[in-house]
Number of protein chains: 4
Amino acid sequence: MIGFCLVGGGFIGPLHAANIAAHPAAKLAWVVDLDQEIATKVATKHGARATANLDDALLDPQVGAVMICTPPRTHAAIIERVARAGKAIFCEKPVDLDLARVDACAKVLDSAGVPFFVGFNRRFDPSHRAMHDAIRAGDIGRPEMLVLSSRDPEISPPDYVAAMPFGIFYDTMIHDFDMVRWMLAEEPVEITARTACMLDEKENPHRDPDTAMVMLTMESGALVHVNSSFRAVYGYDQRIEAFGSNGMLISRNHQPTALERYDANGVRQDPLLRFFIERYAESYRRELDDFVRAVETGRTPSIGLRDGRRALEIAEAAVASAKSGTAIPL
Amino acid sequence: MIGFCLVGGGFIGPLHAANIAAHPAAKLAWVVDLDQEIATKVATKHGARATANLDDALLDPQVGAVMICTPPRTHAAIIERVARAGKAIFCEKPVDLDLARVDACAKVLDSAGVPFFVGFNRRFDPSHRAMHDAIRAGDIGRPEMLVLSSRDPEISPPDYVAAMPFGIFYDTMIHDFDMVRWMLAEEPVEITARTACMLDEKENPHRDPDTAMVMLTMESGALVHVNSSFRAVYGYDQRIEAFGSNGMLISRNHQPTALERYDANGVRQDPLLRFFIERYAESYRRELDDFVRAVETGRTPSIGLRDGRRALEIAEAAVASAKSGTAIPL
Amino acid sequence: MIGFCLVGGGFIGPLHAANIAAHPAAKLAWVVDLDQEIATKVATKHGARATANLDDALLDPQVGAVMICTPPRTHAAIIERVARAGKAIFCEKPVDLDLARVDACAKVLDSAGVPFFVGFNRRFDPSHRAMHDAIRAGDIGRPEMLVLSSRDPEISPPDYVAAMPFGIFYDTMIHDFDMVRWMLAEEPVEITARTACMLDEKENPHRDPDTAMVMLTMESGALVHVNSSFRAVYGYDQRIEAFGSNGMLISRNHQPTALERYDANGVRQDPLLRFFIERYAESYRRELDDFVRAVETGRTPSIGLRDGRRALEIAEAAVASAKSGTAIPL
Amino acid sequence: MIGFCLVGGGFIGPLHAANIAAHPAAKLAWVVDLDQEIATKVATKHGARATANLDDALLDPQVGAVMICTPPRTHAAIIERVARAGKAIFCEKPVDLDLARVDACAKVLDSAGVPFFVGFNRRFDPSHRAMHDAIRAGDIGRPEMLVLSSRDPEISPPDYVAAMPFGIFYDTMIHDFDMVRWMLAEEPVEITARTACMLDEKENPHRDPDTAMVMLTMESGALVHVNSSFRAVYGYDQRIEAFGSNGMLISRNHQPTALERYDANGVRQDPLLRFFIERYAESYRRELDDFVRAVETGRTPSIGLRDGRRALEIAEAAVASAKSGTAIPL
């Protein structure tokens, strides 16, 4: 039974808290949040203790692992504190938005020798994983093209956008960059990116890119396309298509029900699930399970700091290409 | 090259005329209709001759085959005249609505020895036929259940309904009864039918059944369900499902385009094709081709008088069951 | 917070135990099983107490509700004991297989005045419920036909079959009979049933029906078809189709992933989920939630003894019709 | 009734010949082919006259229109001869592979003033056209992204590939470039292209690109992706997806039947139609009809030389980008 300390009780925190509480081999011991009220609210629901001071939890010998769900820019410092305390770490993506900062983290983690996991949860989605396993098993022969559609139903609030310009690459497509590396089991060597501001001034006051397309060339010569938008009115659009010498795989979208409605206007089904937390509910459960099993058995967690760093590097190159209009080698 | 005489230029007649004209081994020579104007209109379009008198055409040695598209109650007499003239016969279903009359026809056909084909066109629909071939090839093992949905977008005009009470069995499900025999390659031994009048007085003034369900038991013990309605507002609904010891086959509906529309209300596709002539356009072409090849090569046409008679017998039993409330042995 | 006592730790018991443990307003207090080892195993996992003696739990004031998951023939006696102890009751279907016994239960329940719920979980499946709500909202106008496919991937073990002859009606279609009543919000007035033994001697040594079709007429005249089989090799096949004056609704099957595989042989998707516990996982969670909220708020649980009795009555009539070959009025 | 002369009796010629023969307002008068035998074969089937000399046909006053189906490099010269003879022209795409040559043609056409049509048949596919009409009607609001998949089941024979290097742009994607302009009703301003040789030496001895991705930026800022391959083993893959401020449209692939096969391995449907002539059969019929009606009524044909020239220009820029690695302004 692994005792968890959750750091960051907002947004995605309560989801992870519930998954920890429901996991047969995990237990939520502490919830840490600068806002004591939030910490208390999440902790109470699952019989855990609350604090605004991370050290309270790190000193508790029952805590074996720390899950970091705070805003991205705080990740690196927390990772280092937790690593020095010798606890296993599950960190939400991204590790940090600055590569040098990530590298500094890496050194601390290396010397601390604690298990470290980055939460690229999509690797654990049953459909995406079935695709991955099929590619790896050779079902489509040699992979030749990968096409990803990764669209959000709406843009983040203005202050969130202001805090992370080019979030379409750093926050959204970073998941897809990780998917590309994982699906193809190889690295990209070049990227070209183009962006647009399609939302109006009111929705997107900072004129940060809200629409983007990216083209990647992989080491093997395989070609990759990713597209993204912040206003898919029909829901959270998440598709991956892998084309190879022996066939094609498509991981389709999910809908909340399996109901079809026929009338004089046609055949209608539900809009797509709107919220990533619903769409990837199963992924969040499974990534936790993967991390818990890694910590239990002592094996290296399946997604490490290097994966987080590499996705960030690609996002950075995407920004550079979008700004310069040229292809950026990786 | 087989010269055709088309008898009956209304309704389904022009479709058959066009298919004959387009067929590489057939030629439309005559169009016969009591209404000389109709005959002329159809004939002119395809460079054929028009007459109100069937004998004009039967005396023409260039006529090798006659296609009968007149109202059902006139079929038997025309069949006998054409048979005595020694021409091959393609007759729209049903042969007649009276079994004794069908049997009288059979005798004339037997002594004339001319090729005879009943137009159960659905046997030639590519999807239904692929299902048939898969069943016959053993793809689903032993067939155990068959489920057919056979629904029209609207009821026939009142005078048509008045002329053929229980048309839901005699005119619509008669196709399905033929499908059942053909798909399973065996005969039903019992039928139970239930009907309802769901349309209002205005749409269905004669209160003839507009909704029906039927349950059949086959010789092998396989169970069959057929349902029908005269107001499928979403289009012409034509599905067949075959369940067996090794799997299931579903012949789905057809839509006019392959377009999907996603918006905030969901995902929408076209309504089904509304008109049976569009839905079964390919079947009509292929059944003609089958008949032409049979006449050319001298093989017996693939759907004979016995098939027409048998489907009628089942329809009659359906009516008896609906009226009496009891199961009717076949 | 409602303390639950689970009676019956085998089969469906552990699923309910986990759902109770995960529910925010419920707590698993006791697990009762004649086999103390089973009781202990289930109880330990969720921090509950175990016993072979139901009275131990009934005497515990922390127990507010009892969930009955024992074999059907034991339900009635347990219901009566629990009712007399004044606890709320969640009973797996069927209540009993004997109508007189059900009626005796009803009297005890009436005088005890405890909340009682029958676990027809399918009413809580999101797709079926969306269909129900759409019908009730008038989306398809007047309902005219209902078609249900309800097929299991395999037959129950021989001893289970021997203990409950005609299980295809009493155990499987009983769910569909409840669906029919719930979807259409009216009662059937007549039933006709036909069965077959399609499995071989080895799989079905008792020659109990393993394949069945049923036709029902409702008070409104609406027609209903249900079909069932015990060998759907492609998985657990659960579909409902409602046809009405303004359209049609189809609640389709579920698949474990949304992956499509294209190759030279065609386009392939996963087989259906095989196990009803996976297929209806969400239904089990939601029915528990419905029961908990009813008990909390004092409202009558949404599925009562009368519903259980009525579904059983229809199943009994189905058996009578299958045996006699005649239609049975209800 | 418009008399047609078909020039080029091979490959796509017989298809056009049959469509002309079947069209109510068209008649096949002449078939011209350097190989007299081919000309005769096609002509005989439809009661037309055959010749190896185009002038024979151009001198026939019954010829009102000429359909050009010869190899691309012969188009320009034939267009000029036909234009000078004052006949309407239907020319298969591409007009020519050299822009200067196309411009020379344009001058001749301008002074001759004859109707001219380029056969970008995909504009007449019912699904693509429904998408086009929906976009133009504003159904998805402002178009923001377009994603096209355009994959052939196999590469052309080596000599065909040798005769037209970069055929993946000049021969295949040229259709997509036309689709992009037509769907969005605006011009691209920049293109980036990447290619790969994925087929082995035996299949692709000339190492001409067999796999390609392209990214376009449109005047409005909308982003476009096109991908193509010459070995889609699952059939002819033709999909278009339009994303806009109010929704998304997808024109899906076509399959030869609507049959679904369920077994223990999953649910299987037919592979896609393999041959473009089957997939776009309806488009070929409808583009002819559009041309015939334009000639009849005197309106300008809906796809003109400028469209052919523009698609060629984009293809040329794609080649330049693939060779240089830079983005090419248009």
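Remember, predicted model here, so these are calculated numbers, not experimental data. (Residues numbered from 1 in each chain as written. Chains lettered and ligands numbered in written order. Predicted model: local features only at pLDDT ≥ 70, side-chain atom pairs only at ≥ 80, totals over all residues. Heavy atoms only, no water.)

A. Structural detail: the overall build of chain A. On a plain count of helices and strands, chain A comes out with eleven helices and 15 strands. Over its C-alpha trace chain A gives a radius of gyration of 20 Å, about what one expects of a compact globule, namely 20 Å for 330 residues. Dimensions along the principal axes, computed over C-alpha positions, put chain A at roughly 55 × 50 × 45 Å. The long-range fraction of contacts in chain A, counting pairs at least 24 apart against all pairs at least 6 apart in sequence, stands at 70%. Carbon and sulfur atoms make up 52% of the accessible area of chain A, which totals about 11900 Å². Distance between charge centroids for chain A: 1 Å, based on 36 positive and 45 negative side chains. (Helix = DSSP H or I, 4+ residues; strand = E, 2+ residues; numbered from the N terminus. Rg over C-alpha atoms; globule rule 2.2 N^0.38 Å. Contact = heavy atoms within 4.5 Å. Areas by Shrake-Rupley, 256 points an atom, 1.4 Å probe, with all protein chains shown as cover. Lys, Arg positive; Asp, Glu negative; His and termini not counted. Charge placed at Lys NZ, Arg CZ, Asp CG, Glu CD.)

B. Fine view of the sheet that holds strand β1 (residues 2-7) of chain B. All names here are of chain B. The six strands lie next to each other as β3-β2-β1-β4-β5-β6, forming an open sheet whose pairing is parallel. In this open sheet, the two strands that pair with only one neighbour each are β3 (49-51) and β6 (116-118). The mean angle between the axes of side-by-side strands here comes to 25°, regardless of whether they run parallel or antiparallel. Sheet topology places strand β5 (residues 88-91) next to β6; three bridges connect them, and they run parallel. Within β6, the residue paired with I89 across the bridge is F116. Sheet strands touched by helix α2 (residues 36-45): β1, β2 (26-32) and β3. Its angle to β3, the strand with the most contacts, is close to 170°. (Pairing = 2+ DSSP bridges. Axes fitted to C-alpha atoms, helices over the stretch in contact; angles between N-to-C directions.)

C. Geometry of the relation of the copies chain D and chain A. Of the transformation placing chain D onto chain A, the axial shift is 0.0 Å and the rotation is 180°, giving an RMSD of 0.0 Å. Interpreted geometrically, this transformation is the action of a two-fold axis. Within chain D, T326(D) has its C-alpha nearest the rotation axis, a separation of 3.4 Å. Residue by residue, 100% of the interface of chain D is reproduced at the interface of chain A, so both copies engage with the same surface. (Least-squares fit on C-alpha atoms with pLDDT ≥ 70 in both.)

D. Region of interest: the packing of aromatic side chains. Per the stated rule, a full pass over the model turns up 49 aromatic pairs over all chains. Note on F117(A) and F291(A): the rings are 5.8 Å apart at their centroids and 55° apart in plane angle, and the pair reads as tilted. Linking F117(A) in strand β6 (residues 116-118) with F291(A) in helix α10 (residues 281-297), this pair joins segments that are 174 residues apart in sequence. Among the residues examined, F117(A) registers a relative accessible area of 0% and is labelled buried. Given a relative accessible area of 0%, F291(A) falls into the buried group. Each ring, one from Y262(A) and one from Y234(B), has its centre 5.4 Å from the other, and the planes form 65°; the classification is edge-to-face. Of the two residues, Y262(A) sits in strand β13 (residues 259-263) while Y234(B) sits in the loop between β10 (223-229) and β11 (237-244), which places them in two different chains. Taking the relative accessible area as the measure of exposure, Y262(A) reaches 12% and is therefore buried. (Phe/Tyr/Trp six-rings, centres within 6.5 Å; stacked < 30°, edge-to-face > 60°. Buried < 20%, exposed > 50% of the residue type's maximum accessible area, 1.4 Å probe, protein only.)

E. Up close: the relation of the copies chain C and chain B. Overlay of chain C on chain B (RMSD 0.0 Å): rotation 180°, translation along the axis 0.0 Å. Taken together, the interface assignments show that 100% of the residues at the interface of chain C recur at the interface of chain B, consistent with an identical surface on both copies.

F. Structural detail: the interface of chain C and chain B. At the interface, 45 residues of chain C touch 45 residues of chain B. Counting the surface lost from both chain C and chain B, the interface buries some 3200 Å², and carbon and sulfur atoms represent 67% of this. Ranking the residues of chain C by area buried against chain B places M198(C), M213(C) and M215(C) at the top, with a combined share of 21%. Linking chain C to chain B there are eight salt bridges. E144(C) is paired through a salt bridge with R231(B); the nearest N and O atoms lie 2.5 Å apart. (Buried area = accessible area lost by both parts, 1.4 Å probe. Salt bridge = Lys/Arg side-chain N within 4 Å of Asp/Glu carboxyl O.)

G. Representation of the sheet that holds strand β2 (residues 26-32) of chain A within the structure. Residues and elements named next belong to chain A. Across the sheet, six strands lie side by side as β3-β2-β1-β4-β5-β6; this open sheet has parallel pairing. Each edge of the open sheet carries a strand with a single partner, namely β3 (49-51) and β6. Here the average twist between neighbouring strands, direction ignored, is 25°. The pairing of β2 with β3 spans three bridges and is classified as parallel. Counterpart to V32 in the pairing with β3 is T51. Contacts from helix α4 (residues 75-84) reach β1 (2-7), β4 (63-68), β5 (88-91) and β6 within the one sheet, and its direction differs from that of β5 by about 165°.

H. Geometry of the pattern of salt bridges. If you walk through the whole model with that rule in mind, you get 116 salt bridges over all chains. Note that E154(A) is salt-bridged to R274(A), the shortest N-O span being 3.9 Å. Of this pair, E154(A) sits in the loop between β7 (143-151) and α7 (158-163) while R274(A) sits in the loop between β14 (266-269) and α9 (276-279), and the two are 120 residues apart along the sequence. For R306(C), the salt bridge identified is with E187(C), shortest N-O distance 3.5 Å. Taken together, the residues R306(C) in helix α11 (residues 305-324) and E187(C) in the loop between α8 (167-184) and β8 (188-196) connect sequence positions 119 residues apart. The network of salt bridges with shared partners includes D103(A), R123(A), D178(A), R181(A), E187(A), R306(A), D307(A), R309(A), R310(A) and E313(A).

I. Geometry of the interface of chain D and chain A. The interface is formed by 45 residues belonging to chain D together with 45 residues belonging to chain A. When chain D packs against chain A, the two sides together hide about 3200 Å² of surface, and 67% of this comes from carbon and sulfur. Looking only at chain D, the three residues that lose the most surface to chain A are M198(D), M213(D) and M215(D), adding up to 21% of its buried area. Counting across the chain D and chain A interface gives eight salt bridges.

J. Up close: the confidence of the model for chain A. Here chain A shows a mean pLDDT of 96. Residues at 70 or above account for 100%. In the predicted assembly, ipTM is 0.95 and pTM is 0.95. (pLDDT = per-residue confidence, 0-100.)

K. Structural context of the environment of F275(A). Mapped onto the secondary structure, F275(A) falls in the loop between β14 and α9. Residues F275(A) and N265(A) lie ten residues apart in sequence; the distance between their C-alpha atoms is 28 Å.

L. Spotlight on the environment of R286(A). Position of R286(A) among the secondary structure elements: in helix α10. For the pair R286(A) and E92(A), spaced 194 residues apart in the sequence, the C-alpha separation amounts to 14 Å.

M. Expanded view of the pairing of strand β9 (residues 211-218) of chain B. Residues and elements named next belong to chain B. Most of β9 sits inside the fold, with eight of its eight residues counted as buried. When strand β8 (residues 188-196) meets β9, the two strands line up antiparallel, connected through eight bridges. Following the sheet pairing, T195 is matched in β9 by A212. In terms of strand pairing, β9 meets β10 through seven bridges, oriented antiparallel. Paired with L216 across the two strands is V224, which belongs to β10. With antiparallel pairing between neighbouring strands as the criterion, β9 and β10 make up a hairpin whose turn holds four residues, including G221 at a positive phi of roughly 95°.

N. Summary view of the side chain of R261(B). If you trace the backbone, R261(B) turns up in strand β13 (residues 259-263). In this structure the side chain of R261(B) is engaged in a polar contact, spanning 3.1 Å, whose partner is the side chain of D139(D). Setting aside its immediate chain neighbours within four residues, R261(B) contacts G266(B), V267(B), R268(B), A130(D), A134(D), D139(D), M248(D) and L249(D). (Polar contact = N/O pair within 3.5 Å; in protein donor to acceptor, adjacent residues only side chain to side chain.)

O. Seen up close, the packing of helix α4 (residues 75-84) of chain D against helix α5 (residues 99-112) of chain D. Residues and elements named next belong to chain D. Running from N to C, α4 and α5 point in directions that differ by 10°, and their axes come no closer than 9 Å. Relative to α5, the element α4 lies roughly parallel. Contacts between α4 and α5 pair A76, A77, I79, E80, A83 and R84 from the former with R101, A104, C105, V108, L109 and A112 from the latter. The residue inventory of the contact of α4 with α5, partitioned by class, reads nine nonpolar, no polar and three charged. (Parallel < 35°, antiparallel > 145°, perpendicular 65-115°, else oblique. Nonpolar A, V, L, I, M, F, W, Y, C, P; charged D, E, K, R; others polar.)

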